[in-house]
Amino acid sequence: MSLKHDWASLQTYLNAHERVLNTFAKFMIQPRSYKLTQITANYLLLECTDIQFTTYAGNKVRVDITKDVEIVDSNPKRLKALTSGYSYNANKPGVGNLLRYDSPDSPAQLSPKSPAHHYHHHKHEWVDGEEQITHIGDDDWPHVDEFIREVLSDF
Amino acid sequence: MSNIEKRTDRQLAPEHANTKESSELFEQFKQLKPIHASNEEALQTLICDLETLAAQQNLTVAALLHEAHSTTDSKPYHIHATTLERMIGNLRR
């Protein structure tokens, strides 16, 4: 059975992320691009923060996307990539947070004091100021396009 | 590309679609060099970055991270703090 989130060539991975942002550019107040930072040979940070969207309902929502990308370079001509951590946040300026998806904490971050949801992929939702946290299956967390579509249609 | 491959490509989520063309993002990556030679070196820098960010907010690192995780109105420095926390955790893995 194929996984939703699996290793891909780095080129395919980056192409797809760029294409997704371009697809939703028409809903951005200012079109935005990802910023890449290569921390080490095997660790890339992909981020696009403070994206201002106008939702289908005409509301202004700020979106912040950060992703940790593990790179395998066993074949330097075909680098492979896998998301090893992420956070997708949606915030309504002047109101507060609406929605956030987070990856689990790494084992090094976890301690007996860690909240239970930090052990899992999870979703935070704020409804009338009340926070609800839902655990998500290991391979069920959304791709960026699914998250943006959820933000545009739900808010 | 065969019909089967074309059909599979359309069914896949954009992150996994089999795109052969190069993107500006991939071209940008090809120009990058790793900032740090080792995980340990990166770890020390990111810990300093997190301490600096906390100091800028007049908070301890623990207080900054608590605020970042519990706020109902995330500001850019909260996003930055949790990103640094996650990166530090990944490098300690």
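Structure first, text after, so check above.
Conventions we followed
- Residues numbered from 1 in each chain as written.
- Chains lettered and ligands numbered in written order.
- Predicted model: local features only at pLDDT ≥ 70, side-chain atom pairs only at ≥ 80, totals over all residues.
- Heavy atoms only, no water.
- Helix = DSSP H or I, 4+ residues; strand = E, 2+ residues; numbered from the N terminus.
- Areas by Shrake-Rupley, 256 points an atom, 1.4 Å probe, with all protein chains shown as cover.
- Buried < 20%, exposed > 50% of the residue type's maximum accessible area, 1.4 Å probe, protein only.
- Axes fitted to C-alpha atoms, helices over the stretch in contact; angles between N-to-C directions.
- Parallel < 35°, antiparallel > 145°, perpendicular 65-115°, else oblique.
- Left-handed = near helix turned anticlockwise from the far one by under 90°.
- Contact = heavy atoms within 4.5 Å.
- Nonpolar A, V, L, I, M, F, W, Y, C, P; charged D, E, K, R; others polar.
- Pairing = 2+ DSSP bridges.
- Polar contact = N/O pair within 3.5 Å; in protein donor to acceptor, adjacent residues only side chain to side chain.
- Salt bridge = Lys/Arg side-chain N within 4 Å of Asp/Glu carboxyl O.

Moving on to the overall build of chain B. Along its length, chain B carries 5 helices and 0 strands. Listing the helices and strands of chain B from first to last along the sequence gives α-α-α-α-α. Accessible surface for chain B amounts to roughly 5600 Å². Of this, 53% is attributable to carbon and sulfur atoms.

Right, let's talk about unusual backbone geometry for a bit. One non-glycine residue, aspartate 50 of chain A, lies in the positive phi region at around 55°. Mapped onto the elements of the fold, aspartate 50 of chain A is located in strand E3 (residues 43-54). Positive phi values are uncommon outside glycine, yet asparagine 58 of chain B reaches one of about 55°. Its place among the elements puts asparagine 58 of chain B in the loop between helix H3 (39-56) and helix H4 (61-70). Residue asparagine 58 of chain B is classed as exposed on the basis of its relative accessible area of 73%.

A word on the packing of H3 of chain B against helix H5 (residues 76-92) of chain B. Residues and elements named next belong to chain B. Remark: H3 packs on H5, axes separated minimally by 9 Å, with the N-to-C direction vectors making an angle of 155°. What the angle tells us is that H3 and H5 run roughly antiparallel. H3 and H5 meet at a crossing whose hand is left-handed. Residues Asn39, Ala42, Leu43, Leu46, Ile47, Asp49, Leu50 and Leu53 of H3 touch H5, and the partners they reach there are Tyr77, His80, Ala81, Leu84, Met87, Ile88, Leu91 and Arg92. Tallied by class, the residues present in the contact of H3 with H5 amount to 12 nonpolar, 2 polar and 2 charged.

Moving on: the pairing of strand E5 (residues 80-92) of chain A. For a regular strand, side-chain orientation follows a simple rule: the groups alternate between the two sheet faces. Residue and element names in this part refer to chain A. Relative to E5, strand E1 (residues 8-9) runs antiparallel, the two sharing 2 bridges. Each residue of the ladder has a partner; that of serine 9, found in E5, is lysine 80. Inspection of the sheet shows strand E4 (residues 60-72) paired to E5 by 11 bridges, in the antiparallel sense. Pairing of glutamate 70 across the sheet is with leucine 82, part of E5. Bridge analysis of E5 against strand E6 (residues 96-102) gives 6 bridges, and the strand direction is antiparallel. Its bridge partner being in E6, asparagine 89 is matched across the sheet by arginine 100. Connecting the antiparallel pair E5 and E6 is a turn made up of 3 residues, with glycine 94 showing a positive phi of about 85°.

Okay, the environment of aspartate 64 of chain A next. Along the chain, aspartate 64 of chain A falls in strand E4. For the pair formed by aspartate 64 of chain A and asparagine 91 of chain A, sequence separation is 27 residues and the distance between their alpha carbons is 8.5 Å. Apart from the residues within four sequence positions on either side, aspartate 64 of chain A is in contact with Cys48, Thr49, Asp50, Ser87, Tyr88 and Asn89 of chain A together with Ile79 of chain B. A distance of 2.9 Å separates a polar atom in the side chain of aspartate 64 of chain A from a polar atom in the side chain of arginine 62 of chain A.

Moving on to the interface of chain B and chain A. Listed as interface residues are 41 residues of chain B and, on the opposing side, 53 residues of chain A. Where chain B packs against chain A, one counts 1 salt bridge. Between arginine 86 of chain B and aspartate 68 of chain A there is a salt bridge; the shortest N-O distance is 2.5 Å. Between chain B and chain A we count 15 residue pairs in polar contact (both at pLDDT 80 or more) in total. When residues in the side of chain B that touches chain A are grouped by element, the largest group, 10 residues, is from H5 of chain B.

Geometric values such as these leave the question of function open.
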